[in-house]
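Tertiary structure, described
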Amino acid sequence: MNKMTIRVPFVDLKLQHEPIQTQLQDAIQSVLEQGDFILGQALSDFEAAFARVSGAEYGVGVASGTDAIALGLQACNIGAGDEVILPANTFVATLIGVIRTGAKPILVDCDPQTALIDLEAAAKAITPQTKAIIPVHLYGQMVSPRELVKFADTYRLLVFEDAAQAHLAQRDGYHAGSVGIAAAFSFYPSKNLGAFGDGGMLLTRDSDVAQKMVRLRNYGASQKYFHTEPGTNSRLDTLQAAVLLQKLPYLPQWNRDRLTIAQQYDNELAPLASAGIIPMENQSDTGHVYHLYVIKVDDSCPIERQQLQEKLTAAGIQTGIHYPIPCHLQPAFTNLGYQPGDFPQAEKLSKQILSLPMYPGLSSSQVKEVVAAIAHAVSTISQADEPSPADLSSVVA
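Thresholds, definitions, all that
Sequence order sets the numbering: in each chain, residues are counted from 1 along the sequence as written. Local features in this predicted model are restricted to residues whose pLDDT is 70 or higher, and side-chain atom pairs enter the listing and the counts only when it is 80 or higher, whereas totals over whole chains, interfaces and linings include all residues. Water and hydrogen atoms were dropped before computing side-chain values, which therefore reflect all heavy atoms in the structure. UniProt positions are given in the numbering used here, feature names are shortened, and annotations may be inferred rather than shown by experiment. Strands are runs of DSSP state E lasting at least two residues, helices are runs of H or I lasting at least four, and both sets are numbered from the N terminus onward. Here's how the labels work: a residue is buried when its accessible area is under 20% of the maximum for its type, exposed when over 50%, partly exposed in between, all with a 1.4 Å probe on protein chains only. Residue contacts follow a heavy-atom distance rule, with two residues in contact if any of their heavy atoms lie within 4.5 Å. Any two strands with at least two DSSP bridges between them are considered paired. Angles shown run from 0 to 180 degrees and are taken between the N-to-C directions of axes, each axis being a line fitted to C-alpha atoms and, for helices, limited to the stretch in contact. Reported domain spans reflect what an automatic or database domain assignment gives. Two parts placed together each lose some accessible area under a 1.4 Å probe, and the buried area is that loss summed for both. The salt bridge criterion pairs a side-chain nitrogen of Lys or Arg with a carboxyl oxygen of Asp or Glu, the two atoms within 4 Å. Definition of a polar contact: a pair of N or O atoms within 3.5 Å, with one able to donate and the other able to accept a hydrogen when the atoms are protein atoms, and with sequence-neighbouring residues admitted only if both atoms are side-chain atoms. Along the arc lie the directions from the helix axis toward the C-beta atoms.

Topic: the UniProt feature "active site" (unreviewed entry) in the protein
Per the UniProt record, "active site" (unreviewed entry) is found at Lys191. Along the chain, the position of Lys191 falls in the loop between strand E8 (182–186) and strand E9 (200–204). Lys191 sits in the buried class, given a relative accessible area of 13%. Once you skip the residues sitting within four places of it in the chain, Lys191 turns out to touch Ala164, Gln165, His167, Ser186, Arg258 and His291.

Okay, here's the thing in C-alpha cells:
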C-alpha cells in the first residue's frame, strides 16, 4: 500500500529548529561539558528568563505540565477537603492535577463561542468548600483576567492558571501566568515554546509558593537529605532548559507568525460561514497566540465533522480534535458522578470542533490549500444532497 502523501502537516517543528540548529547544539554541548544535568545553571537561567517575560516573580521548572498543575496546587495549599472549579472542556491533565492533590474537582461548562470556561456557570458551582478556580487558557487565548480578578475577589477564591497552551498570551493588560497566585505551563514539543521532550514550569508571584514548589519537585527537601514534606522527583532537566532558553528569544516572533496565519485563515474562511464553518472567536485581538486554530463544523453545515476530517486527510491535510471527549465523559472519571448532558456546550463542541494546521512557517499557499479543501468538501456534499430535476418534480407533484 502506498503511503499517503502529507501535503500540509498538522505541525512541522523542523521549520523553527533548522535556522537555530547551531545554537541548540552549542547549548546542549555546553551542558554536556559542564555535566550539571540535574538542577543546573541553564535551568536557573531559564526559570528566571521565562518568569520575567511572563510578568511573574518566580519560575520553578518541573518534569511536565501535569506536574506543574498537581505540585503547583499543592504548593498553594490545595488538598483534601477543598473543592477546585475547572472546565469540563480541557485536556485531562488539568483534572488529573486536581485529583492528585486529594481535592475534589468541580467541573463546569464552557462558552460555545470561545470554548473557554463559563464564569457564570462557575459562580453557580461555588460551595463553602470551594477554594480555587482553574481557568484554562485554551488554544492560546486567555480567559479574561479582568473578569477573573473580579470573580476571585467576589468569591474569595484562588486563581490558578492552566497556561499550558498560552505562552506569552496577553489580554486586559496581563500576560498569561501573571493573573492568579500561580500558573502552570507545559513545554511539550508542539507547544508554542517546546522542549525536545516533556517539561513544565510553575510561575508565581508568591515567594512562599515558589519555595514550597522547589521542595516538592525535589523529594520535599529543603536541603540535601533533609525532607520537610512528602514531595516527589519532578525536575526540568538542564538539557531541556538549555534548549528552551535558546528558543525563548524567538517566541515573540513565532507567536506573531501564528497570529498572521490565523488572520489569513479568518479571511479565507469568512465566505464559508454561511455554510456552517465557524472559527472559534478571538476576544483577545493580538494577544491570542494561537497554539491551535480551531473551527466549528456547525449544525447548519452540510457535512459532519468526521466526514470533513476524512476528506481533508484524503487530500493530504492533517487535522486534530482538541478534545473529542469532555473530561466528565472519560471512562477513567466515572467515579466523579457526572452524566451525559451535564455540560451541554462542552459536549456539543466535542462533536463539532476541528483543529487545522498551525505552526510558524506554515505558508500562505498552504493556508489557501487547506481552506480550498474545506470549501471543496462542503460544496461536494451540498451538490450531492441537491435533488435532481426529476426529484424536484416528484416533490412538487
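Examining the sheet that holds strand E2 (residues 83–87)
Here we have seven strands laid out as an open sheet, ordered E1-E9-E8-E5-E4-E2-E3, and mixed in their pairing. Single-partner strands in this sheet number two, and they are strand E1 (58–62) and strand E3 (104–108). For this sheet, the mean inter-axis angle between neighbouring strands, taken without regard to orientation, is 25°. Two strands pair when backbone bridges link them, and E8 and E9 are joined in this way by five bridges, in the antiparallel orientation. Counted as the bridge partner of Ala184 is Leu202 from E9. Contacting E1 and E9, helix H8 (residues 207–216) runs over the sheet at an angle of about 20° to E1.

Describing the pairing of E3
For E3, the tally of buried residues reaches four of five residues, placing the bulk of the element in the interior. In terms of strand pairing, E2 meets E3 through five bridges, oriented parallel. Within E3, the position partnered with Val84 by the bridge is Pro105.

Side note on the domain arrangement of the protein
Considered domain by domain, the protein is made up of domain 1 (13–249) and domain 2 (251–383). Each of domain 1 and domain 2 has a C-alpha centre, and the two are 25 Å apart. Taken residue by residue, the interface counts 41 residues in domain 1 and 36 residues in domain 2. For the pair domain 1 and domain 2, the summed buried surface comes to about 3400 Å²; carbon and sulfur atoms form 60% of the total. The largest share of the area that domain 1 buries against domain 2 comes from Leu107, Tyr139 and Asn192, three residues that together contribute 21% of it. For the pair domain 1 and domain 2, the interface holds zero salt bridges. Between domain 1 and domain 2 we count 23 residue pairs in polar contact (both at pLDDT 80 or more) in total.

Observations regarding the pattern of salt bridges
Under the definition given, this model contains eight salt bridges. In this structure, Glu369 and Arg7 form a salt bridge, with 2.3 Å as the shortest nitrogen-oxygen distance. Placement of the pair is Glu369 in helix H13 (residues 364–385) and Arg7 in the segment before helix H1 (14–17), with a sequence separation of 362 residues. Residue Glu369 is classed as partly exposed on the basis of its relative accessible area, which comes to 24%. A salt bridge links Arg100 to Asp67; its shortest N-O distance comes to 2.8 Å. Placement of Arg100 in helix H5 (residues 92–101) and of Asp67 in helix H4 (residues 65–75) is noted, with a sequence separation of 33 residues between them.

Examining H5
Listed in full, the buried residues belonging to H5 are Ala93, Thr94, Leu95, Gly97, Val98 and Thr101. Positive phi appears at Gly102, one or two residues downstream of H5, with a value of about 90°.

Section: the sheet that holds strand E14 (residues 353–356)
Within a sheet, neighbouring strands are paired by backbone hydrogen bonds and run either parallel or antiparallel to one another. If you trace the three strands from one edge of the open sheet to the other, you get E12-E13-E14, paired in antiparallel fashion. Only two strands of the sheet have a single neighbouring strand rather than two, namely strand E12 (277–279) and E14. On average, each strand axis in the sheet is inclined to that of its neighbour by 35°, with strand direction left out of account. Across three bridges, the pairing between E12 and strand E13 (residues 293–297) is antiparallel. Looking at the pairing, Ile278 lines up with Lys296 of E13. Helix H10 (residues 251–269) contacts E12, E13 and E14 of the sheet and is inclined by roughly 25° relative to E13. Contacting E12, E13 and E14, helix H11 (residues 305–314) runs over the sheet at an angle of about 20° to E14.

Considering H11
Listed as buried for H11 are Arg305, Leu308, Gln309 and Leu312. Along the long axis of H11, the arc covered by the buried residues comes to 100°, so they all point the same way. Turned more than 90 degrees off the buried face of H11, the exposed positions are Gln306 and Ala314. Phi for Gly316, located one or two positions after H11, is positive at around 85°.

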